[in-house]
Amino acid sequence: MDRRRLAVLFSHPKDFTPVCTTELGYMAGLKNEFAKRNVKVIGLSIDTVDDHKRWKADIEETQGHKVDYP
């Protein structure tokens, strides 16, 4: 069995920007498709943890998908 792990690593310029909000929500919606392929999604940002927590709630509300990847 192949045990390799793949990752999709992406960054965004700022929390709460419309395009980034859409992208992170869309990626969260594809979670099961990534899992089938043994791929882990990771998002990078320079904003604060408190901002991320508030933004994650905003993404779930506006995009309909819970962001539960790092």
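See above for the structure.
The text that follows walks through the structure, step by step, so that each part is easy to find. (Residues numbered from 1 in each chain as written. Predicted model: local features only at pLDDT ≥ 70, side-chain atom pairs only at ≥ 80, totals over all residues. Heavy atoms only, no water.)

**Focus on the nonpolar core**
Which entries qualify depends on this criterion: Here, the term nonpolar core denotes a set of buried Ala, Val, Leu, Ile, Met, Phe, Trp, Tyr and Cys residues that are joined through side-chain atoms within 4.5 Å. Burial classification: accessible surface area is computed with a 1.4 Å probe over protein chains only, and a residue below 20% of its type maximum counts as buried, one above 50% as exposed, and the rest as partly exposed. Helix and strand assignments come from DSSP, with helices taken as H or I runs of at least 4 residues and strands as E runs of at least 2, each series counted from the N terminus. Whether two residues touch is decided by their heavy atoms; if any such pair falls within 4.5 Å, the residues are in contact.
With 12 residues, the main nonpolar core is built from F10, C20, L24, M27, A28, F34, V39, V41, W55, I59, V67 and Y69. Residue assignment for this core shows that the elements contributing at least two residues are α1 (18-29), β2 (39-44) and α3 (49-63). Once residues lying within four places of it in the same chain are set aside, the contact partners of V67 are L24, A28, K56 and I59.

**Remarks on the environment of A7**
Looking at where A7 falls in the secondary structure, it is placed in strand β1 (residues 6-11). By relative accessible area, which is 54% here, A7 ends up exposed. The contact partners of A7, leaving out residues within four places of it in the chain, are V39 and K40.

**Quick word on α1**
Stated formally: Multiplying 1.5 Å by the helix residue count minus one yields the expected span of that helix. Relevant arc is that of directions from the helix axis to the C-beta atoms, nothing else.
With 12 residues, α1 should reach 16 Å at 1.5 Å per residue; the first-to-last C-alpha distance of 17 Å fits that figure. The complete set of buried residues in α1 reads C20, T21, L24, G25, M27 and A28. The buried residues of α1 occupy one face: seen down the axis, they fall within an arc of 160°. Residues of α1 that are exposed and angled more than 90 degrees away from the buried face: P18, V19 and Y26. Buried positions along α1 lie against β1, α2 (31-36), β2 and α3.

**Observations regarding the environment of K31**
Tracing the backbone shows K31 in helix α2. Distance in space between the C-alpha atoms of K31 and D58 is 18 Å, their sequence separation being 27 residues.

**Some details on the side chain of D47**
Quick reminder of the rule: Two N or O atoms form a polar contact when they lie within 3.5 Å of each other; inside protein one atom must be a possible hydrogen donor and the other a possible acceptor, and for residues adjacent in sequence the pair counts only when both atoms belong to side chains.
Topologically, D47 is positioned in the loop between β2 and α3. A distance of 3.3 Å separates the side chain of D47 from the side chain of K14, its partner in a polar contact. In contact with D47, not counting residues within four places along its chain, are K14, D15 and H52.

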